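Observations on chain architecture
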Amino acid sequence: CSSDLAMTVRTDFETIKNTFCGGEAQILSWPLIDTKEYKDAYYPFEKLPANVQDLYKYNPDKAKKMLVDAGYPNGFKVKWLSSSMRKVKRLKKLV
């Protein structure tokens, strides 16, 4: 769905990685993460094709166009249910 992709393109993963995680994090692409159980299926983000990596690069203008194309020219509201842990609250502010 274009609106889902727009949210991904609108999220500044590098800033989250650097400010929330002190630069000590991996930017993961869906659906598999780097765990022992998925070691044979996991593919590092840096090795993904450029067009896939572009979906995880911060580009608010592209995100706005994608939302318009998806029929949401004024955006949409989202309810975010999450843990009340302090780190999660800080992360929500970054997104």
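Let me begin by describing the structure that accompanies this report.

The next thing to look at is the environment of Leu 67. Its place among the elements puts Leu 67 in helix H4 (residues 60-69). Judged by its relative accessible area of 17%, Leu 67 falls in the buried class. As for Leu 67 and Met 7, which are separated by 60 residues in sequence, their C-alpha atoms are 8.8 Å apart.

Now for the side chain of Thr 11. With respect to the helices and strands, the residue Thr 11 is situated in the loop between helix H1 (2-10) and helix H2 (13-20). Within polar-contact distance, the side chain of Thr 11 engages the backbone oxygen of Met 7 at 2.7 Å.

On the secondary structure map, Asp 61 appears in helix H4. Exposure remark for Asp 61: the relative accessible area of 59% places this residue in the exposed category. The sequence separation of Asp 61 and Arg 10 amounts to 51 residues, and the corresponding C-alpha distance is 8.3 Å.

What follows concerns a nonpolar patch on the surface. On the surface, a nonpolar cluster with roughly 360 Å² of combined accessible area is contributed by Met 7, Tyr 72, Phe 76 and Val 78. Position of Tyr 72 relative to the elements: it lies in the loop between H4 and helix H5 (86-94). We classify Tyr 72 as partly exposed; its relative accessible area is 36%.

Rules of the game
Residues numbered from 1 in each chain as written. Predicted model: local features only at pLDDT ≥ 70, side-chain atom pairs only at ≥ 80, totals over all residues. Heavy atoms only, no water. Helix = DSSP H or I, 4+ residues; strand = E, 2+ residues; numbered from the N terminus. Buried < 20%, exposed > 50% of the residue type's maximum accessible area, 1.4 Å probe, protein only. Polar contact = N/O pair within 3.5 Å; in protein donor to acceptor, adjacent residues only side chain to side chain. Patch = residues over 30% accessible without salt bridge, like charges linked within 9 Å, V, L, I, M, F, W, Y side chains within 5 Å. Areas by Shrake-Rupley, 256 points an atom, 1.4 Å probe, with all protein chains shown as cover. Salt bridge = Lys/Arg side-chain N within 4 Å of Asp/Glu carboxyl O.

Remember that the coordinates give geometry; whether it matters functionally is a separate question.
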